[in-house]
There are 4 protein chains.
Amino acid sequence: MSDDEKLVGEYPLLPKQERAQAKRNALIDSGYALFQEKGYEQTTAKEIAAHAGVATGTFYRYFSDKRQLLMSLLEDKIETFLPPEISWFSNNPVATLASSLEIHYNRIQELGLRHVLPELLSKDSELEAFLETARNRIHARILSGLKQAGEKGLIWDDLDLDTVAWAIMVIVEYGLDKTSQSEKKDRYQDIAKLICRMVFPPSILEQLSKNDVDN
Amino acid sequence: MSDDEKLVGEYPLLPKQERAQAKRNALIDSGYALFQEKGYEQTTAKEIAAHAGVATGTFYRYFSDKRQLLMSLLEDKIETFLPPEISWFSNNPVATLASSLEIHYNRIQELGLRHVLPELLSKDSELEAFLETARNRIHARILSGLKQAGEKGLIWDDLDLDTVAWAIMVIVEYGLDKTSQSEKKDRYQDIAKLICRMVFPPSILEQLSKNDVDN
Amino acid sequence: MSDDEKLVGEYPLLPKQERAQAKRNALIDSGYALFQEKGYEQTTAKEIAAHAGVATGTFYRYFSDKRQLLMSLLEDKIETFLPPEISWFSNNPVATLASSLEIHYNRIQELGLRHVLPELLSKDSELEAFLETARNRIHARILSGLKQAGEKGLIWDDLDLDTVAWAIMVIVEYGLDKTSQSEKKDRYQDIAKLICRMVFPPSILEQLSKNDVDN
Amino acid sequence: MSDDEKLVGEYPLLPKQERAQAKRNALIDSGYALFQEKGYEQTTAKEIAAHAGVATGTFYRYFSDKRQLLMSLLEDKIETFLPPEISWFSNNPVATLASSLEIHYNRIQELGLRHVLPELLSKDSELEAFLETARNRIHARILSGLKQAGEKGLIWDDLDLDTVAWAIMVIVEYGLDKTSQSEKKDRYQDIAKLICRMVFPPSILEQLSKNDVDN
DNA sequence: TATGAATGAGGGTTCATTCAT
DNA sequence: GATGAATGAACCCTCATTCAT
């Protein structure tokens, strides 16, 4: 992408670079698809290349090895991990949160690499560090939202916000796996309700919701 | 070998079946230890056998393959997944829950296979089914506790108990990973508080706790 | 071989160890044959295994890799590099030397690895050190023979014995390669004569030879 | 690239053929340098091209393959193998020979491909034939010098000149490898002395040297 | 029954060579 | 001509599994 930007304004628009970038992307996409489908260890570099429609050797032109493709893939997709900024000040926090969750969860689903990573984490400290960073960014984002709400006196004052942020994260990250597609809509609502009950005292929650009805 | 030493001087000792069972157990334990330490794919049958103090070939007398050892291992340890029956009627639900969580989490830690399984799930539907069953048993146990509490009118009456049970499960299962050992004590308290807030209306919670103080 | 010695006196004579040793030897022999035939780089581990009549994997039970087989091979055969102690005091030095050369050259031929090593030397300092050691042992043996002769006043007194020893070594080591088999007998004589002329003043040489005729 | 810089500002400059020749030479030089440094098998076509500052594909415009570059290289450098015509009639044969050796050995060092070739010989009969030819030319040159000396009655009359020529060749070709730079000067002298002793009867040698002193 | 050497398919990776641009 | 990305055969090595002892 930064590559494309550099090209802006240049006339002939080198087809070579574009094709290379396309091939790299095809490999990443294929790696992504196969890692999800069969797991990381079960996917061979040969398969990834074949799936991307290139020769085995080409794989190694773009990535030093399978692991590096995984890292590149993660860097490409990392933003998806970040949940949207959650607004705790909305009139109808439950509904707002529910829709936030839906958006975020869909993204995570799309990423869908969670099933691929755990086994690797134990043997790859760089990967571990990388994901830890991502996780911290998510946590920090949730925590900051909670702090703002706390400063306005909207939430329980005896909460350890760190724990709350972490519980929300876990619920969102691991929570919807086994739910059938048709039931998910309802579940978002229920989760949102649970989270709100963790966060807001009932009185505040009622009041916020009332405002909503008034509008 | 330490096994052989024990045999010195003792003649008939273990009947055949027992010796075999001991060997089988040693293999399971070794598999368990190594899977945790290095992951499933990264552990070889040879290593498991060596760690158990038997020959490579012996491994295959007791298990048809590596995967089957994993399944046996899980069957052996599955009970550990089950959380203790949670008592929602105690006088001090937060404290009671916190200690339940601590007990359960320590068991799960001991099992510690979560990092090993996810990647396998994608390629092994039998394993998937197996774990789904285990998961369902946990869920059912939590759910049944909630229902009892619900029947006594102790908890929010607009809760989808299924969702609540599931959220509790997720928090317990995935929640404490990155917490440092020293901070865990506090975290159990905080988690218990959160869960209680999801479950009990504040008034009930207050009342239950008051009883406690009275005693 | 030292293995065999250890076994002397033991009854059942473990067939396992013997078979393993035999396999190891078969691999070394195959490696040796193929290295000579096609060169080191051109020979694959698979080929060596096939030539020895075992599976690829078996190769790696006995040797960590191709290079290690080469080292083992050299260690096994290193003694062959050592030329026989050359007797400079014999009555007929030329004839004696000629026959020594013949024996030694045949051994070297049998070893025949010279064609295999040069390219490797540049990239493998351990191998280089190993061969340097072997070379030094040869040189030392020749030199010691020359010194003894020198002390008896048999040879030119203005010789740098080190250089002489080295020249002899080179001639013996590299000298007979391209000579056709049929001509070798004569060539040994000629070489022996040359070397003697390098070493002995004509008068001494004549005198020594005369003794011989007298006998 | 340094080539390109030379082109700046100069329009037609090198005719096509010359440019091509320059590129070809650059490739040969690079191949030569890399073969010496890392060995033939260890050097890739890509590296040679990169070292020569051209693209991989360009390599194959000039040479059908890596082997062909080696052959071309040898043809280019073959003359270096030829030792200088050795004058056996000089007044001070030892000194003359010593300086001849020095010149020749330096050339051979410069060529330095000896470490590269042996392994290849076994699998490439054309190469073998080629080097055999070169070797024969050297041998013939030395032999012809010896014959001339023989005709003048300067050397031992019972010598097999073929063997002598060959011994000289071997000593010169393989002899100085392991000698440290600082000791080489002396060694040339010693070698020259040895060779002279192989060739000349002491009386002749003395007489020739005396002439020298007289001058 | 226990052993552990043997097997060989298959994985990751390299590199000589080709060919579209 | 020149380029260098693409190719894919072939290499080295591992390890789940078998089987003679």
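Residues numbered from 1 in each chain as written. Chains lettered and ligands numbered in written order. Predicted model: local features only at pLDDT ≥ 70, side-chain atom pairs only at ≥ 80, totals over all residues.

J.: Help me understand the overall build of chain A, please; the structure alone is not making it clear to me.
T.: Along its length, chain A carries 11 helices and 0 strands. Counted from the first residue to the last, chain A has its helices and strands arranged as α-α-α-α-α-α-α-α-α-α-α. By the burial criterion, 31% of the 215 residues in chain A qualify as buried. The long-range fraction of contacts in chain A, counting pairs at least 24 apart against all pairs at least 6 apart in sequence, stands at 65%. (Helix = DSSP H or I, 4+ residues; strand = E, 2+ residues; numbered from the N terminus. Buried ≥ 20, exposed ≤ 12 C-beta atoms within 10 Å, placed from the backbone. Contact = placed C-beta atoms within 7 Å.)

J.: Would you explain helix H3 (residues 45-52) of chain D in this entry?
T.: Given 3.6 residues to a turn, an α-helix orients residues that are three or four positions apart in the same direction. All names here are of chain D. Within the sequence span of H3, burial applies to Ile48, Ala49 and Ala52. One side of H3 holds all its buried residues, which, seen down the axis, span an arc of 95 degrees. Within two residues after H3, Gly53 carries a phi angle of roughly 75 degrees, on the positive side. (Arc of directions from axis to C-beta.)

J.: Explain the environment of Lys23(D) here, please?
T.: All names here are of chain D. Assignment of secondary structure puts Lys23 in helix H2 (residues 16-38). Sequence separation of Lys23 and Thr58 is 35 residues, and the distance between their C-alpha atoms is 9.0 Å. Among all residues touching Lys23, those that are not within four sequence positions of it are Val54, Thr58 and Tyr62.

J.: Could you clarify how one ought to interpret the protein's contact with DNA strand E in this entry?
T.: The environment of DNA strand E is made up of 34 residues, and the closest members are Thr44(A), Gly57(B), Gly57(C), Thr44(D) and Asp65(D). Taken together, the elements giving at least two residues each to the surface near DNA strand E come down to helix H3 (45-52) and helix H4 (56-62) of chain A, helix H2 (16-38) and helix H4 (56-62) of chain B, helix H2 (15-38) and helix H4 (56-62) of chain C together with H3 and helix H4 (56-62) of chain D. Here the surface near DNA strand E is built from residues that sort into 11 nonpolar, 12 polar and 11 charged. (Near = placed C-beta within 6 Å. Nonpolar A, V, L, I, M, F, W, Y, C, P; charged D, E, K, R; others polar.)

J.: Sorry, what's going on with the protein's contact with DNA strand F here?
T.: Lining the immediate environment of DNA strand F, one finds 35 residues, of which Gly57(A), Thr44(B), Asp65(B), Thr44(C) and Gly57(D) sit closest. When grouped by side-chain class, the residues that make up the surface near DNA strand F number 11 nonpolar, 12 polar and 12 charged.

J.: Help me out: how do you make sense of the confidence of the model for chain A in this one?
T.: Close inspection of predicted coordinates is inappropriate in any region flagged by low pLDDT. On average, residues of chain A score 78 in pLDDT, and 76% of them reach the 70 mark or higher. Taken as a whole, residues 1-14 of chain A scores under 50 in pLDDT and shows 4 contacts with residues more than four places along the chain or in a different chain. (pLDDT = per-residue confidence, 0-100.)

J.: How should I be thinking about the packing of helix H8 (residues 125-151) of chain D against helix H9 (residues 161-174) of chain D in this particular structure?
T.: Geometrically, a packed helix pair is captured by the angle between its two axes and the distance between the axes. Residue and element names in this part refer to chain D. Contact geometry for H8 and H9: axes closest at 9 Å, N-to-C directions at 125 degrees. Taken together, the axis directions place H8 and H9 in an arrangement best described as oblique. As for the relative orientation of H8 and H9, their crossing is right-handed in sense. Where H8 approaches H9, its residues Ile138, His139, Ile142, Leu143, Leu146, Lys147 and Gly150 are matched on the opposing element by Leu161, Asp162, Val164, Ala165, Trp166, Ile168 and Met169. (Axes fitted to C-alpha atoms, helices over the stretch in contact; angles between N-to-C directions. Parallel < 35°, antiparallel > 145°, perpendicular 65-115°, else oblique. Left-handed = near helix turned anticlockwise from the far one by under 90°.)

J.: Explain H9(D) here, please?
T.: Given a rise of 1.5 Å per residue, 14 residues ought to cover 20 Å, and the 20 Å separating the end C-alpha atoms of H9(D) matches this to within 8%. Among the residues of H9(D), those classed as buried are Thr163(D), Val164(D), Ala165(D), Trp166(D), Ala167(D), Ile168(D), Ile171(D) and Val172(D). (Expected span 1.5 Å × (residues − 1).)

J.: Whenever I open this one, the packing of helix H10 (residues 184-199) of chain C against H9(D) confuses me. Can you help?
T.: One can describe the packing of H10(C) onto H9(D) by two numbers: an axis separation of 10 Å at closest approach and a directional angle of 65 degrees. The two elements H10(C) and H9(D) cross, and the hand of that crossing is right-handed. Facing H10(C), whose interface residues are Arg187(C), Asp190(C), Ile191(C) and Leu194(C), H9(D) presents Thr163(D), Val164(D) and Ala167(D).

J.: Help me understand the environment of Glu102(C) in this model?
T.: All names here are of chain C. Within the secondary structure, Glu102 sits in helix H6 (residues 93-111). C-beta crowding within 10 Å serves as the criterion here: with 18 such atoms nearby, Glu102 is assigned to the partly exposed category. Along the chain, Glu102 and Gly153 lie 51 residues apart, while their C-alpha atoms are 27 Å from each other.

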